[in-house]
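# Inside the fold
As a plain string of letters, each chain reads:
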There are 2 protein chains.
Amino acid sequence: MENLETASHVTLGRMPIYLKALHAMRDSGKKYVSSIALAEAVRENSSLVKKDLSYAIKSEGKPRVGYEVAALISDIEDFLGYKTVKNAVIVGVGKLGQALMGFGGFAKYGLNIVAGFDTNQAVVGAVVNGKPVLDFSSIKSYATENGVKIGIITTPKQFSQGVANELVEGGIRAIWNFTSRHLSVPNTVAVRNEDMASGLAILSKQLDDMLKKEDK
Amino acid sequence: MENLETASHVTLGRMPIYLKALHAMRDSGKKYVSSIALAEAVRENSSLVKKDLSYAIKSEGKPRVGYEVAALISDIEDFLGYKTVKNAVIVGVGKLGQALMGFGGFAKYGLNIVAGFDTNQAVVGAVVNGKPVLDFSSIKSYATENGVKIGIITTPKQFSQGVANELVEGGIRAIWNFTSRHLSVPNTVAVRNEDMASGLAILSKQLDDMLKKEDK
């Protein structure tokens, strides 16, 4: 039975981790999985896993056999909207922007990067991974005409708010922000900050703590 | 008073967000901040913020005036180990690896990328942002000789486990994994997965939910 509450961001953030483990199970020929086995694979506790899955699954697991792996993958992908193709543009075609444009792996999440935009005439006109790099001045009309709803910002941080404003005016409803600057947008626009500093802080702290412990 | 419990990963992940808000306050000339004002700036509740800060701060905030902004920044940076310079290597000097090598912003987190490594002879010998790209075959001896403790993996995912094995043998104690593959390492090695799929899943779901709501 589908859970009718709204899943929190931390639950949503764990869904791709469940998917990764489930894909590995499917690839190794596993047909069914219990919440306990899935919890072990992702190193979480099984009641948390069960609760998380309740947001996505359309049918209950069977007693003794557990969830059907293929059905569970399908339900989670459906829940996350991976099956709906969503067009996206990237603004800022430097090395990071090019890396994202060149990354083939987004298609499986339903993300289709259709074009890159930059003000730098040295890259405007180029083609990266089959996608055109266009002049930033055309972003609003491009987004409107092509019904693009997702904008990815990979510019230097001092430009990110200006870029966000243009994206919003062009009808963009979701911004994936790779700059470290906080963005002000209307509350009809979703923003996700890909803040690498957080990941680095956790890793750095873990390393520090380990090394300090060993020094004692 | 410093909190003697160990901060959780979610607490650690919020620390850079507090820092960002505090830097903005300092830059605008603010000398003191209450936990309520900081909580508003980062859109969290103030008791959570207070608890989080208790792990890092060395002196209590003063009644009525709050925390001294500069001291709070210093305490958090110290807590996160940003003031200790940590040498790191990057393995996989493709577009993402080059983007990370070229990114000037890691220095403020104490992360010093000293070299890149690749098996591709077309990039071995190049210099990116003043750092050499070396042959992957020399990674173990390089890491050992230079006391490098952090390894960043930006290879195609099928190589990540092999790379992790070499890094561990070279004395690396913390791995920042940008590939989508799960890594098996000894428990004396910290691993942080920079899984962009999680961020994308949350954004994608938010967009889906917004658009569905409007359709109704």
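Up top is the structure.
An account of the accompanying structure is given in this report. (Residues numbered from 1 in each chain as written. Chains lettered and ligands numbered in written order. Predicted model: local features only at pLDDT ≥ 70, side-chain atom pairs only at ≥ 80, totals over all residues. Heavy atoms only, no water.)

## Concerning unusual backbone geometry
Residue and element names in this part refer to chain A. For the record, the criterion: By the criteria applied, helices consist of DSSP H or I runs no shorter than four residues and strands consist of E runs no shorter than two, each listed in order from the N terminus. Think of it in three bands: residues with accessible area under 20% of the maximum for their type are buried, residues over 50% are exposed, and the middle band is partly exposed, with areas taken using a 1.4 Å probe on protein chains only.
With a phi angle near 60°, R43 is a residue other than glycine that sits in the positive phi range. Of note, R43 is situated in the loop between helix 2 (35–42) and helix 3 (46–56). R43 sits in the exposed class, given a relative accessible area of 64%. Despite not being glycine, N129 has its phi angle at roughly 55°, a positive value. Turning to its location among the elements, N129 is positioned in the loop between strand 5 (127–128) and strand 6 (131–135).

## Notes on the sheet that holds strand 4 (residues 111–118) of chain A
Residue and element names in this part refer to chain A. We count it as follows: At least two bridges found by DSSP between two strands is the condition for calling them paired. Residues are treated as being in contact if the distance between any of their heavy atoms lies within 4.5 Å. Each axis is a line fitted through C-alpha atoms, taken for helices only over the stretch in contact, and angles between the N-to-C directions span 0 to 180 degrees.
Spatially, 5-6-4-3-7-8-9 is the arrangement adopted by the 7 strands of the open sheet, whose pairing is mixed. Sheet topology places strand 5 and strand 9 (190–193) at the edges, where each strand pairs with a single neighbour. Running over the sheet, helix 7 (residues 160–169) touches strand 3 (86–91), strand 7 (150–153) and strand 8 (174–177) and is turned about 170° from strand 7.

## Some thoughts on the relation of the copies chain B and chain A
For clarity, the cut-off: When the copies are superposed, the least-squares fit takes in the C-alpha atoms of residues with a pLDDT of at least 70 in both.
When chain B is fitted to chain A, the residual RMSD is 0.0 Å, and the transformation amounts to a turn of 180° plus an axial shift of 0.0 Å. Here the transformation between the copies is reduced to the relation of a two-fold axis.

## Structural notes on the packing of helix 1 (residues 9–27) of chain A against helix 8 (residues 196–215) of chain B
Definition in use: Should an angle lie under 35 degrees it is considered roughly parallel, over 145 roughly antiparallel, and from 65 to 115 roughly perpendicular; all remaining angles are considered oblique. The hand of a helix crossing depends on one turn: near helix anticlockwise from the far one by less than a right angle means left-handed, and clockwise means right-handed. Any residue outside Ala, Val, Leu, Ile, Met, Phe, Trp, Tyr, Cys, Pro, Asp, Glu, Lys and Arg is labelled polar, Gly included; the first ten of those are nonpolar and the last four are charged.
Here helix 1 of chain A crosses helix 8 of chain B at 125°, and the two axes come no closer than 8 Å. Relative to helix 8 of chain B, the element helix 1 of chain A lies oblique. The chirality of how helix 1 of chain A crosses helix 8 of chain B is right-handed. Facing H9, L12, G13 and P16 of chain A of helix 1 of chain A, the residues of helix 8 of chain B in contact are A197, S198, A201, I202, K205 and Q206 of chain B. Of the residues assigned to the contact of helix 1 of chain A with helix 8 of chain B, the class counts are 5 nonpolar, 4 polar and 1 charged.

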